Amino acid sequence: MTHVNTPSNGRLLTTVASLIIVVLLAVALMPANAWGLTTAKCTARTNVDSQNVVQGDKETRINWEGQAASSEEVTGFTFTLPEGTRFGADDVKVTMLTGDDLMERTSINATGTADGQILTIAFDQPAQAGGYFRVEIYHVFFPREGGEMVITGTAQLSDGTSAPIADVPAISVQGVSLAQSMGNWLSEQEWVQAWNSNKFLKLFLNPVILVTSFPVVLKGFFLALLILACAFPLAIPLGLALALMRMSKISLLRGIASVYVNVVRGTPLFLQIYIAFFGLPLAGIDVNNVVMGIAVLAMNSSAYQCEIFRAGIQSIHTGQFEAARSLGMNGAQTMFFVIIPQTVRRVIPTMMNEFILLYKDTSMLAAVGLMEVVMYAKTIVAATGSITPYIVAAAFYLVITLPLASLVGKIEAKLAGAQMGSDKKRKGGKGLFGAKTDKNNNTSEGPASAAANVDPTANTAGGSQAVLSASSLAASQYNEALGALSASSKN
């Protein structure tokens, strides 16, 4: 079968050929930005000593490298940096690398201008076509919050068109706290640099480390307060119970309390912590470290509080016991309603001193890895080589101990003043339980005399004379008793 070309088929072929020619011309005349530049790498210089990280709000430098197409003559770049990034436009450096190993460097004269987050770099003259470029942007401060920083950009070509810069990788930036941000700012101040030029001041009072370590050590301060707030209240009833056991008439109770108190007070707290934290797990007893720390400190403090309460109870005159018995109270009622209330009032200053000692003893828990004040400070010291974090830790102890020590002094002075005032009033005023007395402490009326039902001047054990003698006891008697019972107390 033979095909014959008709005039219509010829016109169709001509039309198709014309369309193909038009498409080829369009492709040939297509703008250069259809190709774009290829990014080789985009990084930021590390700005933390001994760490391969980039922190926010701390000066760094951006390095971008990219390859232009063989037909592209670049005349400048435009980079858009992440929102909140600060940078300098005056010190931009552009270098063209050539050669097989890109070791031949040619500096390009360029001028940088900034407009918000946009950095425009204009060359004095077009660069060689197909060049490999390195752009360095100095004095860059990424946002303090950190994150993945994405940079976009375009290249300006000699024909007036632009080519996108493709495949720019994100830069990972580590976020920093407000304290770290303040530390970065301080490190740039001239007076700080002058201060740190002195070796001693830099080692013990470095302003930058002083600021940056504060919030870290503060975490340990909160944990120390938590341990103290739990351990001290637990030690109070245990110490009181031990004090009553030591004064008990039952020899077994006295023996148990005496052994416990002597062993705890006779061994270092540091050793007790080691036995609890390392011995109990070997015995199959696993307890949370914080709970274990609270228990050890509470048990240790209870032994000292036992002696404090015992000294306070024994400082109460025996006439108080006898007068309470004359009113019909039994031994338990006398102890809990007459003796202990007076004891508590007298031991308050000494108990506050024990509170201060217990707070300082929380530092020993750092030896077993509990992240309290000293442990956090020790971690920072190991990282920075500066003693400044220990100074910060000392400040956290002083902020508690100094006000409490002052308060203890005021309470002691107030109690002493109240006791002196009571002694003066008894010379011509009312005695204990409302009985009126003369200068010789003789009673004329009152429930105490009525209950005793004896001659006020008689030298009897249950008489009101004994009650009055007990009520006029000076605070120094308690201190003497406490000193005698606490001869082996902790330093």
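Whatever comes next refers back to the structure up there.
Just so it is clear, the model here is predicted, and its values are computed rather than measured.

**Digging into the environment of leucine 297**
For leucine 297, the location among the structural elements is in helix 8 (residues 289-314). A residue is classified by how much of its surface remains accessible, and leucine 297, at 1% relative accessible area, is buried. Residues leucine 297 and isoleucine 227, spaced 70 residues apart in sequence, show a C-alpha to C-alpha distance of 8.5 Å.

**Considering the pairing of strand 11 (residues 162-166)**
In terms of strand pairing, strand 1 (residues 37-44) meets strand 11 through two bridges, oriented parallel. Bridging across to strand 11, threonine 38 finds its partner in alanine 166. As paired strands, strand 10 (residues 152-157) and strand 11 are joined by three bridges and run antiparallel to one another. Its bridge partner lying in strand 11, threonine 154 is registered against proline 164. Counted between consecutive antiparallel strands, the loop separating strand 10 from strand 11 contains four residues, among which glycine 160 sits at a positive phi close to 90 degrees.

**Details of the packing of helix 6 (residues 251-266) against helix 8**
At a closest axis distance of 9 Å, the pairing of helix 6 and helix 8 adopts a crossing angle of 115 degrees. For the pair helix 6 and helix 8, the crossing hand works out as left-handed. Together, Tyr260, Val261, Val264 and Arg265 of helix 6 and Met299, Asn300, Ser302, Ala303, Tyr304, Cys306 and Glu307 of helix 8 make up the contact between the two elements. Tallied by class, residues from the contact of helix 6 with helix 8 come to seven nonpolar, two polar and two charged.

**Overview of the packing of helix 5 (residues 207-246) against helix 8**
The geometry of helix 5 relative to helix 8 is characterised by a closest axis approach of 5 Å and an angle of 40 degrees between their N-to-C directions. Taken together, the axis directions place helix 5 and helix 8 in an arrangement best described as oblique. As helix 5 runs across helix 8, the sense of the crossing is right-handed. For the contact of helix 5 with helix 8, a count of residues per class yields 20 nonpolar, four polar and three charged.

**A closer look at the pairing of strand 3 (residues 74-80)**
Burial within strand 3 is extensive, with five of its seven residues counted as buried. Bridging between strand 3 and strand 7 (residues 118-123) involves five bridges; their strand directions are antiparallel. Pairing of phenylalanine 79 across the sheet is with leucine 119, part of strand 7.

**Here we look at the packing of aromatic side chains**
In this description, an aromatic ring pair is defined by two values, namely the gap between the centres and the angle between the planes. Within the structure shown, the criterion is met by 14 aromatic pairs. A centroid spacing of 6.1 Å and a plane angle of 50 degrees characterise the contact between phenylalanine 221 and phenylalanine 222, whose relative ring orientation is tilted. Phenylalanine 222 sits in the exposed class, given a relative accessible area of 51%. Arranged with centres 5.0 Å apart and planes meeting at 70 degrees, the rings of tyrosine 274 and phenylalanine 278 form a pair that is edge-to-face. With tyrosine 274 and phenylalanine 278 both in helix 7 (residues 269-282) and four residues apart, the pair spans about one turn of that helix.

Definitions and limits used
Numbering of residues starts from 1 in every chain and runs along the sequence as written. Side-chain atom pairs in this predicted model are given and counted only at pLDDT of 80 or more, local residue features only at pLDDT of at least 70, and totals for whole chains, interfaces and linings cover all residues. The side-chain figures draw on all heavy atoms in the structure; neither hydrogens nor water molecules are used. Numbering of helices and strands runs from the N terminus, with a helix taken as a DSSP run of H or I at least four residues long and a strand as a DSSP run of E at least two residues long. In this scheme, a residue with accessible area under 20% of its type's maximum is buried, one over 50% is exposed, and one in between is partly exposed, where area comes from a 1.4 Å probe on protein chains only. When DSSP finds two or more bridges between two strands, those strands count as paired. Every angle, taken between N-to-C directions, lies between 0 and 180 degrees, and every axis is a line fitted to C-alpha atoms, over only the stretch in contact when it is a helix. By convention the crossing between two helices is left-handed if the near helix lies anticlockwise of the far one by an angle smaller than a right angle, and right-handed if it lies clockwise. In this analysis, two residues are considered to be in contact whenever any of their non-hydrogen atoms come within 4.5 Å of each other. Residues are grouped as follows: Ala, Val, Leu, Ile, Met, Phe, Trp, Tyr, Cys and Pro are nonpolar; Asp, Glu, Lys and Arg are charged; every other residue, Gly included, is polar. An angle counts as roughly parallel when it lies under 35 degrees, as roughly antiparallel when it exceeds 145, as roughly perpendicular when it falls between 65 and 115, and as oblique in every other case. What counts as a ring pair is set by centres within 6.5 Å for rings of Phe, Tyr and Trp (its six-membered ring), and what kind of pair is set by the plane angle: stacked under 30 degrees, edge-to-face over 60, tilted for all other angles.

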